[in-house]
Amino acid sequence: MASQGEACEERIYEFDDDLASEFSALLGVDALQILKRQHEEDHKERMKMKKGFNSQMRSEARLMTFVTYESFKSWTPQDMAAAGFYHTGVKLGVQCFCCSLILFSTRLKNLPIEIHKKLHPECEFLLGKDVGNIGKYNIRVKSPEKTLRSGKAQYQEEEDRLESFEKWPFYAHGTSPRVLSAAGFVFTGERDTVQCFSCSGCLGNWEEGDHPWKEHAKWFPKCEFLQSEKSSEEIAQYIQSYEGFVHVTGEHFMNSWVRRELPMVSDQLFANLNKFPGLKELSVRLDGKADVLSVLPGEFPNLHHMEKLSIQTSMESDLSRLAKGATSRGFQNLENLDISMNHKITEEGYRHFFQALNNLPNLQELNISRHIPERIQVQATTVKALSQCVMRLPRLTRLRMLSWLLDEEDMKVMNAMKERHPQCKCLIIHWKWIVPFSPVIQK
Ligand SMILES: [Zn+2]
Ligand SMILES: [Zn+2]
């Protein structure tokens, strides 16, 4: 296992001294001295930081930790997450979830995976050992490659199922074998894949806080054992409370076409947008992708021709990337913006959204419809901020907001906006709920 503790004393030297000598000669400063000072500072920070295997960062959802990452001149968050790193929140420090290597200089010319190999060649994640890394698109449902060794009959009893967990991998200890076996699962011996003795459904990639019954109900709702242990109300409740993958069950993944097509699209598409220098219109529907906007490139050097951008998803999304693209003047010509999604957006997310709006001078059509009228979190300030932004969009002629929760106060703001916005030809608001209280509703 990855060594714990001893990494504290370790000295990591991230700088290229040859390059520093060159700089010194070129600029007439002692770059080596500067690097040395920087090295000491980084070392002090490094000593303070927590070390040891970080089970919570096994998933390439590591990518999400880079949402607030300031430097976009560095390695890409995608590359860093793929190389095992997540953002620590201390300066620009990134850390490997497996070997705890901490890097502060992410602007070097080498790739993160190369630096990782150079400084910590013994990292078990890099060596390809099973340390529980969960690939970005590694889905929970596993195809049952082999049926249970001794057949279903052997695992009717919970205690027998529990015994199969003897070699349950260390990284999956956040999900308890007792709860898994109670929920009908038997450990297959492969990674952290478990299989239901009744429906044979296979699940893996367990993360801390996962609820085995909920996963069972979500992915294999027709299972006889599940139905015998839980009431149909309970099953419905589990499915309803499941975030994402709406209307998708395990059966979908059994058909290989879904497995091949569902995951791949967005990342590659967005990462390669720069290859279309004259791109004017982009429309993507990406149900099932955890955070669509997080895969947008940090800067949009070639997207200033873009006139129409439509992103539809039913998952929660962070809007900071969009805002960053817009504020770095990436979307100067954008005329039509359509982000229909189930807006589970935080207050900060809304701030980013309004920031983006303020930087779209040519916007003519804006569609901010929601798919599903649940989990709505509208702060009272949201509508006001929206109306303020809209008033600063001189060319906006059409605004669509389906299934927004608006109270009387909000409607007054909307009406005032309409009056002071004579060029607006079309304002569509469906599902205008008028409620007698301030519109802060969660769940
Ligand atoms: Zn490592
Ligand atoms: Zn089952």
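Note that the structure is predicted; figures quoted are calculated from it, not measured. (Residues numbered from 1 in each chain as written. Chains lettered and ligands numbered in written order. Predicted model: local features only at pLDDT ≥ 70, side-chain atom pairs only at ≥ 80, totals over all residues. Heavy atoms only, no water.)

Enquirer: What is the right way to read the coordination of the zinc ion (ligand 2) from this model?
Expert: Six octahedral donors at a metal ideally form angles of 90 or 180 degrees, and four tetrahedral donors ideally form angles of 109.5 degrees. The protein atoms that coordinate the zinc ion (ligand 2) are Cys196 (SG), Cys199 (SG), His216 (NE2) and Cys223 (SG), at distances of 2.1 to 2.3 Å. Each of the 4 donor atoms bound to the zinc ion (ligand 2) contributes to angles spanning 104 to 119 degrees, and the resulting shape is tetrahedral. (Donors = N, O, S within 2.8 Å, 3.2 Å for Na, K, Ca; no water. Tetrahedral: all angles 85-135°; square planar, octahedral: opposite > 155°, others 65-115°.)

Enquirer: Whenever I open this one, the packing of aromatic side chains confuses me. Can you help?
Expert: Ring pairs (aromatic) are described by centroid distance and by the angle formed between their planes. Overall, the coordinates contain 11 aromatic pairs when judged by the stated rule. Ring centres 5.7 Å apart and planes at 80 degrees place the aromatic pair Trp219 and Tyr242 in the edge-to-face group. In this pair, Trp219 is assigned in helix H7 (residues 212-219) and Tyr242 in the loop between helix H9 (232-240) and helix H10 (250-254), connecting sequence segments 23 residues apart. Its relative accessible area of 3% is what places Trp219 among the buried residues. These aromatic residues form a ring-pair network of at least three members: Phe53, Phe97, Phe125, Phe170 and Tyr171. Here Lys218 stacks its cationic end above the ring of Trp219, 5.4 Å away from the centre of that ring. (Phe/Tyr/Trp six-rings, centres within 6.5 Å; stacked < 30°, edge-to-face > 60°. Helix = DSSP H or I, 4+ residues; strand = E, 2+ residues; numbered from the N terminus. Buried < 20%, exposed > 50% of the residue type's maximum accessible area, 1.4 Å probe, protein only. Lys NZ or Arg CZ within 6 Å of the ring centre and 35° of its normal.)

Enquirer: Would you explain unusual backbone geometry in this entry?
Expert: Backbone geometry places Ser100, a non-glycine residue, at a positive phi of 70 degrees. For Ser100, the position within the fold is in the loop between strand S2 (94-96) and strand S3 (102-103). We classify Ser100 as buried; its relative accessible area is 4%.

Enquirer: Which parts of the structure should I look at to understand a nonpolar patch on the surface?
Expert: Side chains of Leu19, Phe23, Leu26, Leu27, Val29 and Ile34 sit close together on the surface and give an oily, nonpolar patch of about 590 Å² of accessible area. When residues of the nonpolar patch are assigned to their parent elements, the largest contribution, 4 residues, is made by helix H1 (residues 17-27). Here Leu27 shows up in helix H1. Judged by relative accessible area, which is 57%, Leu27 ranks as exposed. (Patch = residues over 30% accessible without salt bridge, like charges linked within 9 Å, V, L, I, M, F, W, Y side chains within 5 Å. Areas by Shrake-Rupley, 256 points an atom, 1.4 Å probe, with all protein chains shown as cover. Salt bridge = Lys/Arg side-chain N within 4 Å of Asp/Glu carboxyl O.)

Enquirer: For this particular structure, what's the right way to read the nonpolar core?
Expert: The tendency in soluble globular proteins is for nonpolar side chains to be buried side by side. Within the largest apolar cluster, 47 residues are counted, with the highest numbers of intra-cluster contacts made by Phe85, Phe97, Cys98, Trp168, Val194 and Leu203. For this core, the secondary-structure elements that each account for two or more residues are strand S1 (85-87), S2, strand S5 (185-187), strand S6 (194-196), H7, helix H8 (224-229) and H9. Viewed by domain, this core spans two of them, domain 1 (4-119) and domain 2 (141-254), each represented by three or more residues. Aside from chain neighbours lying at most four places away, what touches Phe97 is Gly52, Phe53, Asn54, Met57, Arg58, Arg62, Gly84, Tyr86, Phe125, Val131 and Asn133. Grouped together as the second largest cluster of nonpolar side chains are 30 residues, Leu334, Leu366, Ile368 and Val413 included. (Core = buried A, V, L, I, M, F, W, Y, C linked by side-chain atoms within 4.5 Å. Domains from an automatic or database assignment. Contact = heavy atoms within 4.5 Å.)

Enquirer: How should I be thinking about the state of the cysteines in this particular structure?
Expert: Taken as a whole and judged by the stated rule, the model has 0 disulfides. Here Cys202 is not cross-linked by a disulfide; its sulfur's nearest cysteine counterpart is in Cys199, at 8.7 Å. In this structure Cys202 comes out as buried when scored by relative accessible area, which is 3%. (Disulfide = S-S within 2.5 Å.)

Enquirer: Just checking my understanding: could you explain the sheet that holds strand S4 (residues 141-142) for this structure?
Expert: Here 4 strands make up an open sheet; going across it, the order is S4-S7-S6-S5 and the pairing antiparallel. The open sheet has two edge strands with one neighbour each: S4 and S5. As judged from the 2 bridges shared by S4 and strand S7 (residues 202-203), these two strands associate in the antiparallel manner. In the strand pairing of S7, Val141 is matched with Leu203. (Pairing = 2+ DSSP bridges.)

Enquirer: Would you take a moment to explain the sheet that holds S2 for this structure?
Expert: Backbone hydrogen bonds hold the strands of a sheet together, and the pairing may be parallel or antiparallel. Taken together, 3 strands build an open sheet; the order of strands is S1-S2-S3 and the sheet is antiparallel. Only two strands of the sheet have a single neighbouring strand rather than two, namely S1 and S3. Across 3 bridges, the pairing between S1 and S2 is antiparallel. Counterpart to His87 in the pairing with S2 is Val94.

Enquirer: Help me understand the packing of H1 against helix H2 (residues 31-48) in this model?
Expert: When two helices pack together, their arrangement is captured by the angle between the axes and the distance separating the axes. The geometry of H1 relative to H2 is characterised by a closest axis approach of 8 Å and an angle of 135 degrees between their N-to-C directions. Put simply, H1 runs oblique to H2. Packed against H1, whose contacting residues are Asp17, Ala20, Ser21, Phe23 and Ser24, the element H2 presents Ala31, Leu32 and Leu35 at the interface. Split by residue class, the contact of H1 with H2 holds 5 nonpolar, 2 polar and 1 charged. (Axes fitted to C-alpha atoms, helices over the stretch in contact; angles between N-to-C directions. Parallel < 35°, antiparallel > 145°, perpendicular 65-115°, else oblique. Nonpolar A, V, L, I, M, F, W, Y, C, P; charged D, E, K, R; others polar.)

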